[in-house]
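Coordinate analysis (summary)
If you want the building blocks of each chain, they are given just below.
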Amino acid sequence: MSFVFYVLAALTVAGGLAAMLLKNTVHCALALTVAFAGLALLFLELDAQFAGFAQILVYIGAVAILVVFAILLTRGSETPKDGVFSHTWLAGLAVAAAVFAVLGWAVLQAAPLLPGASPAPVVTVQQIGDALMGRYVLPLEIAGVLLTAAMIGAVIVALHEKEGPK
Amino acid sequence: MIKTLDQIFVLLKEWLVGYLPASWQPVAGVLLSVAAIVCLFPALFALTTVFERKGLGRIQNRLGPNRVGPFGFFQPVADGIKSLTKEDIVPFSADAAVHFLAPVVLVVAVFMGFAVLPMGRNMVLVDMDAGLLFYFAMGASTELSVFMAGWSSRNKYSLLGAMRAVAQMISYEVPLLLSSVTVVMIAGSLSLTKIVEAQSGYSWGLPHWYIFTPWGFAGFLMYAIATTAETNRSPFDLPEGESELVAGYHTEYSGFKFALFFLGEYLAMFSISGLGTTLFLGGWSAPFLFLTWVPSWFWFFSKLMLSIFVFIWMRGTLPRLRQDQLMNFAWKFVLPMCLLNLMVAALWRFLGDGWLRWVICSAILLAAYVGLGLGELRRGKIGPRSYRYAE
């Protein structure tokens, strides 16, 4: 646990908290982007270049843009008058705390079972590419077909229906 | 002597760093390289603004700037002083924090891209295994800053400009990536230095640049189209179409913040031209075998400036597209052609050496482009240009 890790963890958590607590929806989306960037930097700190850059490319480059577009195209970024907090925030807090507790418990239980500090494997992007194109080519193709089908479906939903008799 | 000249900046850096204690040397070396990039490219930006205004003036049959200094060459100095001393106006209803952050995020993200570009032999800041991926990741982060600028200004023109810019950048990022992927397929690496090395051979005194292969030529065309759109340059400059949107997403920016947007736009142009040079034009390698004695950095920057010249030329020549034309062009022409090019590149890779792959790959690409052109002509969609004048 180095100093850099703590800085990045603080950045990520702060981004996540701000995404929840800020009043303006667009501000929340931007804060979420900070959390994404923090996660990407954490991946990079672990020497996982591919995961880190893919995180930036996909989450900051595409998902964040999608989120802000969705906000702007639906109800605008005005803050509702009666605040942004749900009435059932107490229940939500309890559920979140329970999930966090289970996850934390699982991680803490698993820690002693792992073999002692083994050196992290050095995985180059080339190896990831080879694995994706060799051993894992079928899952990759299926994911590609699924995404293409989803995209075509979205286009069909968005298409204007032709007027007049068929 | 030739070798010294080629490595002069590397040697200079080592000499300067040599004065420091050994433990500081790696950090100082990196800082020095960063300082060089941060100084050099804005200087190039200042030069380019004069060249652009002079060149556009030439194309449009007027003089261009000619008042400050000899032939107007000190114009950027005057512009810089002006933008530094101008009042910084933030609109009353603007979102001050986001409004301030947007230009900063843009310039930082654009500068990051230069880190992986090999600007000469041994002249790369970070020789990363996944350099190309890093570059595109940084390029993708600029979109958000454009949105931040447009949204935080609370101005309908700004917001419209930002929406247009983001939609355009996302649409053209797909062909940009797909045309670059062909190079990765052939070179077999994402590291930009390795890609340059893969193009460094010569046969009959001519270089093995990827642009001189059928798939490379088609890919370079698609890359050039996509980069023009990605940097919001004419003919794809709808996001800042003056006649419709005042100035697009930076309408509400003044003084130095506006200058930062201007700088970011040109820096993006430099870095994406540098990437194109690296991917298709052989990076820092010389165009002929007998010219290899010229320093490598000279070739890199010559090719970069040549690309910039073409950008300026296109801006002076082509009219702006309409929004629907822009999107149709991206999704119905550039994207299918990029996908076809991907197939051709794979074929090239697996046909092995010899003349056969040249014939087959050229035939496929020529058939596709010529067939498409003839088909459109026959359907009457493309005809001779017609002019209408006000009477």
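How each quantity is defined
Residues numbered from 1 in each chain as written. Chains lettered and ligands numbered in written order. Predicted model: local features only at pLDDT ≥ 70, side-chain atom pairs only at ≥ 80, totals over all residues. Heavy atoms only, no water. Helix = DSSP H or I, 4+ residues; strand = E, 2+ residues; numbered from the N terminus. Buried < 20%, exposed > 50% of the residue type's maximum accessible area, 1.4 Å probe, protein only. Contact = heavy atoms within 4.5 Å. Areas by Shrake-Rupley, 256 points an atom, 1.4 Å probe, with all protein chains shown as cover. Buried area = accessible area lost by both parts, 1.4 Å probe. Salt bridge = Lys/Arg side-chain N within 4 Å of Asp/Glu carboxyl O. Polar contact = N/O pair within 3.5 Å; in protein donor to acceptor, adjacent residues only side chain to side chain. Nonpolar A, V, L, I, M, F, W, Y, C, P; charged D, E, K, R; others polar. Domains from an automatic or database assignment. Core = buried A, V, L, I, M, F, W, Y, C linked by side-chain atoms within 4.5 Å. pLDDT = per-residue confidence, 0-100. Axes fitted to C-alpha atoms, helices over the stretch in contact; angles between N-to-C directions. Parallel < 35°, antiparallel > 145°, perpendicular 65-115°, else oblique. Left-handed = near helix turned anticlockwise from the far one by under 90°. Phe/Tyr/Trp six-rings, centres within 6.5 Å; stacked < 30°, edge-to-face > 60°. Lys NZ or Arg CZ within 6 Å of the ring centre and 35° of its normal.

It is worth spelling out the overall build of chain A at this point. Across its full length, chain A carries six helices and zero strands. Going from the N terminus to the C terminus, chain A shows its helices and strands as α-α-α-α-α-α. Sorting the 166 residues of chain A into buried and exposed places 19% on the buried side. Restricting to contacts in chain A with at least 6 residues of sequence separation, those with at least 24 account for 54%. Total accessible area computed for chain A in this model is approximately 12,400 Å², and 75% of it derives from carbon and sulfur atoms.

This paragraph deals with the interface of chain B and chain A. If you look at the interface, chain B gives 25 residues, while chain A gives 22 residues. Buried area between chain B and chain A, both sides added, is near 2,000 Å², and the carbon and sulfur share of it is 80%. Taken together, chain B and chain A are joined by zero salt bridges. Counting across the interface, chain B meets chain A through two residue pairs in polar contact (both at pLDDT 80 or more). Elements with a minimum of two residues in the side of chain B that touches chain A: α6 (131-152) and α7 (156-187) of chain B. Examining the composition of the side of chain B that touches chain A, we find that twelve residues originate from one element, α6(B), more than from any other. Residues that form the side of chain B that touches chain A fall into these classes: 19 nonpolar, two polar and four charged.

What follows deals with the environment of Leu11(B). Residues and elements named next belong to chain B. Mapped onto the fold, Leu11 is located in helix α2 (residues 8-17). When its relative accessible area of 38% is taken as the criterion, Leu11 is described as partly exposed. Along the primary structure Leu11 and Phe212 are separated by 201 residues, whereas in three dimensions their C-alpha atoms are 33 Å apart.

So, on to the domain arrangement of chain B. Residue and element names in this part refer to chain B. Examined at the domain level, chain B breaks down into domain 1 (1-77) and domain 2 (89-376). A C-alpha centroid distance of 21 Å is found between domain 1 and domain 2. For the pair domain 1 and domain 2, the two sides together bury roughly 2,200 Å², of which 80% comes from carbon and sulfur. The tally of links between domain 1 and domain 2 comes to two salt bridges. Applying the counting criterion to the domain 1 and domain 2 interface returns three residue pairs in polar contact (both at pLDDT 80 or more). Listed by contribution, the elements that provide at least two residues to the side of domain 1 that touches domain 2 are α1 (2-6), α2 and α3 (25-59). A breakdown of the residues in the side of domain 1 that touches domain 2 according to their chemical character gives 17 nonpolar, four polar and two charged.

We now examine the nonpolar core. Residue and element names in this part refer to chain B. Judged by nonpolar contacts, the single largest core of 99 residues is most densely connected at Phe41, Phe114, Phe270, Leu275 and Leu279. If we ignore the near neighbours within four places in the chain, the residues touching Phe114 are Ile37, Phe41, Met119, Leu267, Phe270 and Ser271. In terms of nonpolar packing, the next biggest core, distinct from the first, is built from six residues, Met222, Leu335, Met337 and Cys338 among them.

All names here are of chain B. Averaged over chain B, the pLDDT score is 84; the fraction of residues at 70 or greater is 98%. For chain B, helix α10 (residues 242-245) is the element with the lowest average pLDDT, namely 73, and helix α9 (residues 214-230) is the one with the highest, namely 90. Among the prediction metrics, the complex's ipTM stands at 0.78, with pTM recorded as 0.85.

Looking at the element boundaries, Lys194(B) is found in helix α8 (residues 192-198). With 166 residues separating them along the chain, Lys194(B) and Ala28(B) place their C-alpha atoms 26 Å apart.

Parsing chain A into structural domains produces domain 1 (1-78) and domain 2 (123-161). The gap between the C-alpha centroids of domain 1 of chain A and domain 2 of chain A is 24 Å.

This part takes up the packing of α9(B) against helix α13 (residues 323-351) of chain B. Residue and element names in this part refer to chain B. Following both chains from N to C, one finds α9 and α13 inclined at 155°, their axes separated by 9 Å at the closest point. For the element pair α9 / α13, the angle class is roughly antiparallel. Handedness of the crossing formed by α9 with α13: left-handed. The segment α9 lies against α13, with Pro214, Trp215, Ala218, Gly219, Met222 and Ile225 engaging Phe329, Phe333, Val334, Met337, Cys338, Asn341, Val344, Ala345 and Trp348.

A few words on the pattern of salt bridges. Residues and elements named next belong to chain B. Going through the model one piece at a time under the given rule, you end up with five salt bridges over all chains. Asp79 is the partner of Arg53 in a salt bridge, and the nearest nitrogen-oxygen pair spans 3.5 Å. One end of the pair, Arg53, is in helix α3; the other, Asp79, is in helix α4 (residues 75-85), and 26 residues separate them in sequence. Of the residues examined, Arg53 reaches a relative accessible area of 38% and is grouped as partly exposed. For Lys257, the salt bridge goes to Asp88, with nearest N and O atoms at 3.3 Å. You can see Lys257 sitting in helix α11 (residues 255-280) and its partner Asp88 sitting in the loop between α4 and α5 (96-113), a full 169 residues away along the chain. Overlapping salt bridges bring together Glu52, Arg233 and Arg315 as one network.

The next thing to look at is the packing of aromatic side chains. All names here are of chain B. Applying the stated criterion to the full structure yields 28 aromatic pairs over all chains. Judged by centre distance (5.4 Å) and plane angle (55°), the ring pair of Phe45 and Tyr266 falls under tilted. Placement of Phe45 in helix α3 and of Tyr266 in helix α11 is noted, with a sequence separation of 221 residues between them. Note on accessibility: Phe45 and Tyr266 belong to one class, buried. Measuring from centroid to centroid gives 5.4 Å for Phe329 and Phe333, while their planes differ by 20°, and the two rings are stacked. With Phe329 and Phe333 both in helix α13, this residue pair falls four residues apart, about one helical turn. In this structure, Arg357 packs its charged tip against the face of Trp348, placed 4.1 Å from the ring centre.

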